[in-house]
Amino acid sequence: MNGDANGYIKAGNSDISSWLNCIFEANLIDEEVANLLRSNRGSLLSIEIRDLKIPKKWATERPELAATLTNDLRNGLKGGLVYKDLKSFRKVMQAMFGFVDKWYEGNLIVSGVENEAKLQDLLCSHFRSRKIRVTEGSSVGGGRLDLYVDNSIVVELKFVGSKTAEPTSAAPYAGAQGRRYAIALQSQIVLSVTAVRIAKGGNPPQRCDMIEIRRSATHDGNRTEIRFTLPFGADLPSRQTPEK
């Protein structure tokens with residue numbers, strides 16, 4: 001906190017509203033500090049639709065997506081998130097939607113990645129291009145996690161090279177594995193990202209169907225998994241045939 005702001009606080013004002021807005025508007029503290037100083041600074045915040053940062057094109061393609069995801073997140077995060085983690089959640093979700101869009105709009109929907117390490121490299125580069133902090137391969141909880149993003153969210157990565165008819169069913173235990181690290185780090189959100197080869201000749205599934213909220217443990221009342229599936233192995237557009 002700025003020294004001038006600290007002095008103002010100690011000047012004898014008993015009503016927090018009398019000085020908090022003043023020092024915030026004077027740019028002596030940022031929004032995060034202001035929220036911590038307010039009377040509800042210890043409270044948990046419920047996730048709202050606007051926090052998901054769903055792109056307009058996704059919302060147009062699947063109008064009910066935002067409400068469905070928000071409801072599922074609230075069921076998994078019954079206590080909500082502290083303000084710092086909610087800020088991280090917004091940034092990371094916006095980045096993930098962007099990553100899925102790049103996957104679908106480029107060559108990756110056809111060629112995919114060679115392995116899990118390559119998927120990790122791509123995702124790390126994407127986060128860092130958006131100025132989001134990423135820690136790779138930290139040892140915690142008796143193991144080594146894949147990614148820890150913005151000091152808030154655990155990311156568990158999986159690669160499934162065998163052809164799969166139902167890509168969202170692949171690597172079903174990714175969330176439970178990520179949860180082990182989340183417990184150690186006191187993280188409430190596990191982001192599982194799985195690259196899956198789809199069956200030969202299969203049409204790529206709609207991107208809106210590739211995000212899902214899951215409960216990694218039924219007894220864990222304030223922790224949840226957000227699953228992003230990245231299908232690959234689709235035919236080139238020029239070779240696409242009508243569905244039978």
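Anything mentioned here points back to the structure above.
Reference entry: report on the structure contained in this document. (Residues numbered from 1 in each chain as written. Predicted model: local features only at pLDDT ≥ 70, side-chain atom pairs only at ≥ 80, totals over all residues. Heavy atoms only, no water.)

Quick word on the overall build of the protein
Operational definition: Elements are defined by DSSP. Helices are runs of H or I of four residues or more, strands are runs of E of two residues or more, and each kind is numbered from the N terminus. Summary of the burial criterion: residues with accessible area below 20% of their type's maximum are buried, those above 50% are exposed, and those between are partly exposed, where the area comes from a 1.4 Å probe applied to protein chains only. Only heavy atoms matter for contacts: two residues are in contact if any of them lie within 4.5 Å across the pair.
Per the secondary structure count, the protein includes nine helices and eight strands. Expressed as a percentage of its 244 residues, the buried residues of the protein come to 42%. Intrachain contacts of the protein at a sequence separation of at least 6 include 71% that bridge at least 24 residues.

Focus on the packing of helix α6 (residues 83–105) against helix α8 (residues 116–129)
The condition is simple: To define axes, lines are fitted to C-alpha atoms, for helices over the stretch in contact only, and angles between the resulting N-to-C directions are given on a 0 to 180 degree scale. An angle below 35 degrees is treated as roughly parallel, one above 145 as roughly antiparallel, one from 65 to 115 as roughly perpendicular, and anything else as oblique. Two helices crossing with the near one rotated counterclockwise from the far one by less than a right angle form a left-handed crossing, whereas a clockwise rotation gives a right-handed crossing. For this classification, Asp, Glu, Lys and Arg are treated as charged, while Ala, Val, Leu, Ile, Met, Phe, Trp, Tyr, Cys and Pro are nonpolar and the rest, including Gly, are polar.
Between α6 and α8, the shortest axis-to-axis distance is 10 Å and the interhelical angle comes to 125 degrees. On the basis of their axis angle, the class for α6 and α8 is oblique. For the pair α6 and α8, the crossing hand works out as right-handed. Where α6 abuts α8, its residues Val92, Ala95, Met96, Gly98, Phe99, Lys102 and Trp103 lie against Leu119, Leu122, Leu123, His126 and Phe127. Per-class residue counts for the contact of α6 with α8 are nine nonpolar, two polar and one charged.

Overview of the pattern of salt bridges
Our working rule: The term salt bridge refers to a side-chain nitrogen of Lys or Arg lying within 4 Å of a carboxyl oxygen of Asp or Glu.
All chains considered together, the criterion is met by twelve salt bridges. Taking the shortest distance from any N to any O, the salt bridge between arginine 90 and aspartate 51 comes out at 2.8 Å. Taken as a pair, arginine 90 in helix α6 and aspartate 51 in the loop between α3 (31–37) and α4 (56–61) lie far apart in primary sequence, 39 residues in all. Look at arginine 90 and you get partly exposed, because its relative accessible area is 24%. A relative accessible area of 2% means that aspartate 51 is categorised as buried.

Observations regarding the environment of isoleucine 153
Mapped onto the fold, isoleucine 153 is located in strand β5 (residues 153–164). Given the relative accessible area of 3%, isoleucine 153 is considered buried. C-alpha separation for the pair isoleucine 153 and serine 187, spaced 34 residues apart in sequence, amounts to 6.1 Å. The contacts of isoleucine 153, once residues within four sequence positions are left out, are Ser88, Phe89, Val92, Leu147, Tyr148, Ser187, Ile189 and Leu191.

Describing the nonpolar core
Selection rule: Put simply, a nonpolar core is a bunch of buried Ala, Val, Leu, Ile, Met, Phe, Trp, Tyr and Cys residues held in one set by side-chain atoms that sit within 4.5 Å of each other.
Counting residues in hydrophobic clusters, the biggest one holds 48 residues, and the most contacted among them are Phe89, Trp103 and Ile226. Among the secondary structure elements, those contributing two or more residues to this core are α5 (65–76), α6, α8, β4 (147–149), β5, β6 (189–198), β7 (211–214) and β8 (224–232). If you tally residues by element for this core, the top one is α6, at eleven residues. Not counting chain neighbours up to four residues away, the residues in contact with phenylalanine 89 comprise Ile47, Asp51, Leu52, Leu73, Leu81, Ile153, Ile189 and Ile226.

So, the pairing of β5
So the rule is basically this: Being paired, for any two strands, means DSSP has found at least two bridges between them.
As judged from the three bridges shared by β4 and β5, these two strands associate in the antiparallel manner. Note on β5: the bridge partner recorded for valine 149 is isoleucine 153. Between β4 and β5, which follow one another and run antiparallel, lie three residues, and aspartate 150 among them has a positive phi close to 55 degrees. The pairing of β5 with β6 spans nine bridges and is parallel. Bridge pairing in β6 links valine 155 to leucine 191.

Topic: α5
Inclusion rule: Helix span is expected to be 1.5 Å times the residue number reduced by one.
When the terminal C-alpha atoms of α5 are compared, their 17 Å separation across twelve residues agrees well with the 16 Å that a helix rising 1.5 Å per residue should span. Buried-residue contacts for α5 involve α4, α6, β7 and β8.

Considerations on unusual backbone geometry
Positive phi, close to 65 degrees, is recorded for lysine 131, a residue that is not glycine. Relative to the assigned elements, lysine 131 resides in the loop between α8 and β1 (134–136). Positive phi is not limited to glycine here, since glutamine 186 has a value of about 55 degrees. You can see glutamine 186 is positioned in the loop between α9 (174–185) and β6.

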